[in-house]
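# Breakdown of the fold
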Amino acid sequence: MKKFLCLFCLLLLLSACAHKANETLFYQLGGREGLSKIVTSFITNIGKDKQILPYFFDAKISRFRNQIYDHLCDITDGPCHYNGDSMIDIHTGMNINESDFNRLVDLLYKSMDEQHIPHPIQNKLIGRLAPLRSTIIYI
Amino acid sequence: MLKLLTTFFLFFSTQLFAAEGKLIATPGVSQVEGSAGGGLVPWAQLAGYASQDEYAVNLFCSQGSVDDFRLRSCGAQLNLFDRVEFSLAEQTFRVNALDTEIKQQILGVKTRLYGDLVYSKWPMLSVGMQYKDLKDDTIAKALGADDNSGVDWYIATSKLHLGAIAGYNWFWNITARYTDANELGLLGFGGPNQDNYFMFEASTAILLSRELAFGIEYRQKPNNLGLDEDSWSDVFVAWLPNKSVSVTMAWLDLGKIAGAPDQDGLYLSLSGYF
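Attention here is on the structure that accompanies the text. (Residues numbered from 1 in each chain as written. Chains lettered and ligands numbered in written order. Predicted model: local features only at pLDDT ≥ 70, side-chain atom pairs only at ≥ 80, totals over all residues. Heavy atoms only, no water.)

The helix and strand tally for chain B stands at 2 helices and 14 strands. Taking 274 residues into account, the globule formula puts the C-alpha radius of gyration at 19 Å, and chain B, at 18 Å, falls close to it. Overall, the C-alpha framework of chain B stretches about 50 × 45 × 30 Å when taken along its three principal axes. Looking at chain B residue by residue over its 274 residues, the buried ones come to 58%. Taking all contacts inside chain B whose residues are at least 6 apart in sequence as the whole, residues at least 24 apart take part in 58%. Once the 20 positive and 31 negative side-chain charges of chain B are each reduced to a mean point, those two points are 7 Å apart. (Helix = DSSP H or I, 4+ residues; strand = E, 2+ residues; numbered from the N terminus. Rg over C-alpha atoms; globule rule 2.2 N^0.38 Å. Buried < 20%, exposed > 50% of the residue type's maximum accessible area, 1.4 Å probe, protein only. Contact = heavy atoms within 4.5 Å. Lys, Arg positive; Asp, Glu negative; His and termini not counted. Charge placed at Lys NZ, Arg CZ, Asp CG, Glu CD.)

For the rest of this paragraph, the subject is the interface of chain B and chain A. With 36 residues of chain B at the contact, the number on the chain A side is 28 residues. Taking both partners together, chain B and chain A bury about 2,800 Å²; carbon and sulfur atoms supply 65% of that area. Together, Tyr119(B), Arg210(B) and Ile216(B) form the three largest contributors to the area buried by chain B at its contact with chain A, with a combined 23%. Joining chain B to chain A, the criterion identifies 3 salt bridges. Across the pair Lys243(B) and Asp106(A) runs a salt bridge whose closest N-O atoms are separated by 2.9 Å. Across the chain B-chain A interface, the total number found is 9 residue pairs in polar contact (both at pLDDT 80 or more). Going through the elements one at a time, strand E8 (149-165), strand E9 (168-178), strand E10 (198-207), strand E11 (212-219), strand E12 (232-239) and strand E13 (245-253) of chain B are the ones with two or more residues in the side of chain B that touches chain A. Here the side of chain B that touches chain A gets 5 residues from one element, more than from any other, and that element is E11(B). (Buried area = accessible area lost by both parts, 1.4 Å probe. Salt bridge = Lys/Arg side-chain N within 4 Å of Asp/Glu carboxyl O. Polar contact = N/O pair within 3.5 Å; in protein donor to acceptor, adjacent residues only side chain to side chain.)

Most often, soluble globular proteins have nonpolar side chains that are buried together. Counting 84 residues, the largest nonpolar core has Leu29(A), Leu108(A), Met112(A), Leu125(A) and Phe93(B) as the members making the most contacts within it. Contacts of Phe93(B), omitting those with residues within four sequence positions, involve Phe69(B), Arg70(B), Leu71(B), Thr100(B), Glu101(B), Ile102(B), Leu186(B) and Ile257(B). One finds Phe8(A), Leu12(A), Ile165(B) and Phe214(B) within the second-largest nonpolar core, a separate group that totals 9 residues. (Core = buried A, V, L, I, M, F, W, Y, C linked by side-chain atoms within 4.5 Å.)

Our focus in this paragraph is a nonpolar patch on the surface. All names here are of chain B. Where nonpolar side chains cluster on the molecular surface, the patch consists of Trp 153, Tyr 178, Tyr 197 and Phe 198 and spans about 450 Å² of accessible area. Residue placement: Phe 198 occurs in strand E10. Looking at Phe 198, the relative accessible area reads 56%, which means it is exposed. (Patch = residues over 30% accessible without salt bridge, like charges linked within 9 Å, V, L, I, M, F, W, Y side chains within 5 Å. Areas by Shrake-Rupley, 256 points an atom, 1.4 Å probe, with all protein chains shown as cover.)

Remember, this is a structural readout, not a statement about activity or role.
Structure follows, in structure tokens:
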């Protein structure tokens, strides 16, 4: 058991060495240009997804793009302030379920992959968004 | 058993349904007694990718080969609405020294009491039982075991922390088990040295990507037969390339089994998710 524990801790140390300190997540995602590209990929992926697309039939894409950019920029400590509607107001009555939410998380991961965002940075963004889940599903 | 599994599989596969409601890798894999878990330890997660609006059916086969023994375990799980998990497993334990095989069947039920692995504020919590029926009890009786069937009860708690370790997702699980099974039950239940029913089990893993997990496990075992049963541990790599299959490889350190010391070896497990 001890040798397995050592091996595991060694891996943790190695992964910790790769860690960059003290940059905002917004900057780590590539700043304005990087985040903008992620949002473009994200919208493209939603447009191609049979499960998620129906939720956007009434949405105006340009408005959605601006709102989601501002929201992501704000939540990653970027130089923006999201002043759109609350998550609860937007999603009430849309009947979004657990599976839809996770599908959207999959699409966001995929979009970040397409923009070559390193996996640890991807997890940090998902980690910032995860607490919003209860304001989005089954409401 | 095989017939039952086939019927089970055919019934559900005709519906051409694949549950995909969970995030990839979050259900874990299948442990040797058939429950969702790591390789050795049952975890709080329920098997398969069913969300609370879906059901999932999974099949698995695992094999662990150490110096003097080999354990093969195959079975199936049914996850209903991510609330209840039923599992069936058949174990075939080969004892090289006696050139014989011991079979055991295990029926498991697990229910999720609270939480979500990723999103809930507190860790996920589940309770479960495993009813074990030893088919070949000659060796168990010879070693002094009291019974040829038994029930394990366990409580498991687990959590995945997003980006917790240098940005990588970190998973842990702790399980407490009430059991009188000797070597999973393959050497019967109870015995002359029985004094402790509560066993501690734990697993932890780091997800190097969305599809690849690297981790370790630990499992305490009772010493009812007075054969100095050791705790088990392993180090594993699990690859979950999509929501249909997973492959797990591990290196087992099982210590002393039925008097034979230093039982190390390779473990390989495959799961299919429908």
